[in-house]
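Chain by chain, the residues run as shown.
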Amino acid sequence: MKTVIVTGAGGYVGGQTSIYFHEQGWNVIGIDNNHPPMHLAQSTYFSKFYVAPFDSEDALELIKNSNPDAIIHTAGTSLVGPSKRDPRPYYQNNFVATKTLVEYLLDNNIKTRLIFSSSAATYGEPVMPPCEEEDPPLPLSPYGESKLMTEMMLQSYANAYDLDVVIFRYFNVCGADSQSRHGQAPGATHIIARVLEALRDDNNITINGNDYPTADGTCIRDYVHVEDIARAHLIATQCITGTYNLGTGTGYSNRAIIDTALSVTGQADKEINWGPSRPGDPAVLTGSSDHFAAHTGWKPTNDLTSIIRTAWQWYNR
Ligand SMILES: NC(=O)c1ccc[n+]([C@@H]2O[C@H](COP(=O)([O-])OP(=O)(O)OC[C@H]3O[C@@H](n4cnc5c(N)ncnc54)[C@H](O)[C@@H]3O)[C@@H](O)[C@H]2O)c1
């Protein structure tokens, strides 16, 4: 049986990835700073769930003793806005702690594949959407910078020391487990989470900006279902190394998200408030996954309706 370590296993992406690897017959060991949410704590997905920072001595020793075939490194600190107000935890947790992890792997001669959760935030304002991996990265926040710095370090270590690494730049991860076993934590900042929680709780919905240079005036972002991301991680344990976008190449507008959410939830008469555009928000941010698709055949399989339907089921389970 193959063993995978998932850092951030109690989180949104880490939890879904753990479920998928367990289903595919892997021995899954989770590591997370925090105790897992009840639905994961009471599950059989993990042979062990260790509550500690992934760069702590005990967690690193657990990694060494588990002799993992792969490490899916999703643990991170991830909010763009807060990273501008208080950047220290971003550089510390995303860059410095990951440096400690990979140097421990190298120093202890631990041969494993590291799959790193990077972000579309490394691109900043896209040159010409959809973003391609070769585009110049120009992150606009300490969050994006900390992910880019980590990518650069991993790539240098791969070149110099033979570190085995796959880097994924996720675009907007969304949706929930199709059997409602896992999904976003309450209060997530993501637009789909905010809209669906507001619809469930009968709260007002405010969307920022309807005067962008797009067909319906609202921002376009690239949404990838969390199950498609989990599947990409498994493929990445077997494919060639490198840096890959995980996006759809097209994206959906905020207006399309609202319309689909109102239709899926049967609340067509809900009023939407339109707030001002947020300075620095690009009109379109989408990413091409053509490279990863060409190498592996991976394709996102969920459209916007399926993304919103699974998330709505999760919020109403
Ligand atoms: N969700 C998205 O749309 C998205 C998009 C791009 C990139 N990413 C990246 O993907 C990764 C996973 O995102 P997510 O949405 O699942 O986030 P999340 O916040 O739901 O999960 C992250 C988990 O990591 C844990 N964690 C943080 N620091 C840790 C540490 N030092 N040691 C152990 N555990 C730690 C947290 O407790 C949390 O459970 C993050 O690195 C994020 O930056 C996410």
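Right, let's get into the side chain of Ser289. Tracing the backbone shows Ser289 in the loop between strand E14 (284-285) and helix H10 (290-296). A relative accessible area of 7% means that Ser289 is categorised as buried. Here the side chain of Ser289 touches Gly247 through a polar contact of 2.7 Å, landing on its backbone nitrogen. Aside from chain neighbours lying at most four places away, what touches Ser289 is Asn245, Leu246, Gly247 and Trp298.

Moving on: the nonpolar core. Residues Phe168, Ile192, Leu196 and Phe292 are the most contacted members of the largest nonpolar core, which totals 58 residues. Each of two domains, domain 1 (3-174 + 223-246) and domain 2 (191-221 + 250-288 + 302-315), supplies a minimum of three residues to this core. When residues no more than four places from it in sequence are discounted, the contact partners of Phe168 are Ile115, Phe116, Ser117, Ser118, Ser119, Ala232, His233, Ala236, Tyr244, Leu246 and Phe292. Listed in part, the 26 residues of the second largest apolar core include Ala59, Ala75, Ala97 and Tyr157.

The environment of the ligand is formed by 25 residues, the closest being Val13, Asp32, Asn93, Tyr143 and Lys147. Take Asn34: an N or O atom from its side chain is 3.0 Å from an oxygen atom of the ligand. Separating an oxygen atom of the ligand from a backbone N or O atom of Thr74 is a distance of 2.9 Å. Look at the ligand: alone it shows 820 Å² of surface, and the protein chains cover 84% of it. Elements represented by at least two residues in the shell around the ligand include exactly helix H1 (12-23), strand E5 (113-119), helix H6 (142-161) and strand E7 (172-174). Sorting elements by how many residues they give to the shell around the ligand places E5 first, with 3 residues. In terms of residue class, the shell around the ligand is built from 10 nonpolar, 13 polar and 2 charged.

This part covers the sheet that holds E5. Read across the sheet, 7 strands follow the order E3-E2-E1-E4-E5-E6-E11 without closing on themselves; strand pairing throughout is parallel. Of all strands in the sheet, those bounded by a partner on one side alone are strand E3 (48-51) and strand E11 (242-246). Taken over all neighbouring pairs, the strand axes of this sheet differ in orientation by 20 degrees on average, direction set aside. Two elements, strand E4 (residues 70-73) and E5, share 4 bridges in a ladder whose sense is parallel. Its bridge partner lying in E5, Ala70 is registered against Arg113.

Turning to the packing of helix H5 (residues 88-107) against H6, a few remarks are in order. Viewed as axis vectors pointing N to C, H5 and H6 meet at an angle of 15 degrees, and their least axial separation amounts to 8 Å. By the angle between their directions, the pair H5 and H6 is classed as roughly parallel. Our pair here, H5 against H6, has a crossing hand that is right-handed. Of the residues in H6, those in contact with Tyr90, Tyr91, Asn94, Phe95, Thr98, Lys99, Val102, Glu103 and Leu106 of H5 are Pro142, Tyr143, Glu145, Ser146, Lys147, Met149, Thr150, Met153, Leu154, Tyr157 and Tyr161.

This brings us to the pattern of salt bridges. Two side chains of opposite charge can pair, provided their charged atoms sit close to one another. Taken as a whole and assessed by the stated rule, the structure comprises 12 salt bridges. For Arg113, the salt bridge identified is with Asp164, shortest N-O distance 2.9 Å. Taken together, the positions of Arg113 in strand E5 and Asp164 in strand E6 (residues 164-170) put the pair 51 residues apart, joining distant regions of the chain. One salt bridge in this structure joins Asp202 and Lys270, with 3.3 Å as the shortest N-O distance. With Asp202 in the loop between helix H7 (191-201) and strand E8 (205-208) and Lys270 in the loop between helix H9 (254-265) and strand E13 (272-275), the pair connects residues that are 68 residues apart, well separated along the chain. Note on Lys270: relative accessible area 16%, which makes it buried. In this structure, a network of salt bridges that share partners links the residues Glu23, Asp177 and Arg181.

Under the domain assignment, the chain is made up of domain 1 (3-174 + 223-246) and domain 2 (191-221 + 250-288 + 302-315). If you average the C-alpha positions of domain 1 and of domain 2, the two centres end up 27 Å apart. Taken together, the 17 residues of domain 1 in the interface contact 18 residues of domain 2. Carbon and sulfur atoms supply 62% of the area that domain 1 and domain 2 bury against each other, a total of about 1,500 Å² over both sides.

About the cut-offs
Residues numbered from 1 in each chain as written. Predicted model: local features only at pLDDT ≥ 70, side-chain atom pairs only at ≥ 80, totals over all residues. Heavy atoms only, no water. Helix = DSSP H or I, 4+ residues; strand = E, 2+ residues; numbered from the N terminus. Buried < 20%, exposed > 50% of the residue type's maximum accessible area, 1.4 Å probe, protein only. Polar contact = N/O pair within 3.5 Å; in protein donor to acceptor, adjacent residues only side chain to side chain. Contact = heavy atoms within 4.5 Å. Core = buried A, V, L, I, M, F, W, Y, C linked by side-chain atoms within 4.5 Å. Domains from an automatic or database assignment. Near = heavy atom within 4 Å. Areas by Shrake-Rupley, 256 points an atom, 1.4 Å probe, with all protein chains shown as cover. Nonpolar A, V, L, I, M, F, W, Y, C, P; charged D, E, K, R; others polar. Pairing = 2+ DSSP bridges. Axes fitted to C-alpha atoms, helices over the stretch in contact; angles between N-to-C directions. Parallel < 35°, antiparallel > 145°, perpendicular 65-115°, else oblique. Left-handed = near helix turned anticlockwise from the far one by under 90°. Salt bridge = Lys/Arg side-chain N within 4 Å of Asp/Glu carboxyl O. Buried area = accessible area lost by both parts, 1.4 Å probe.

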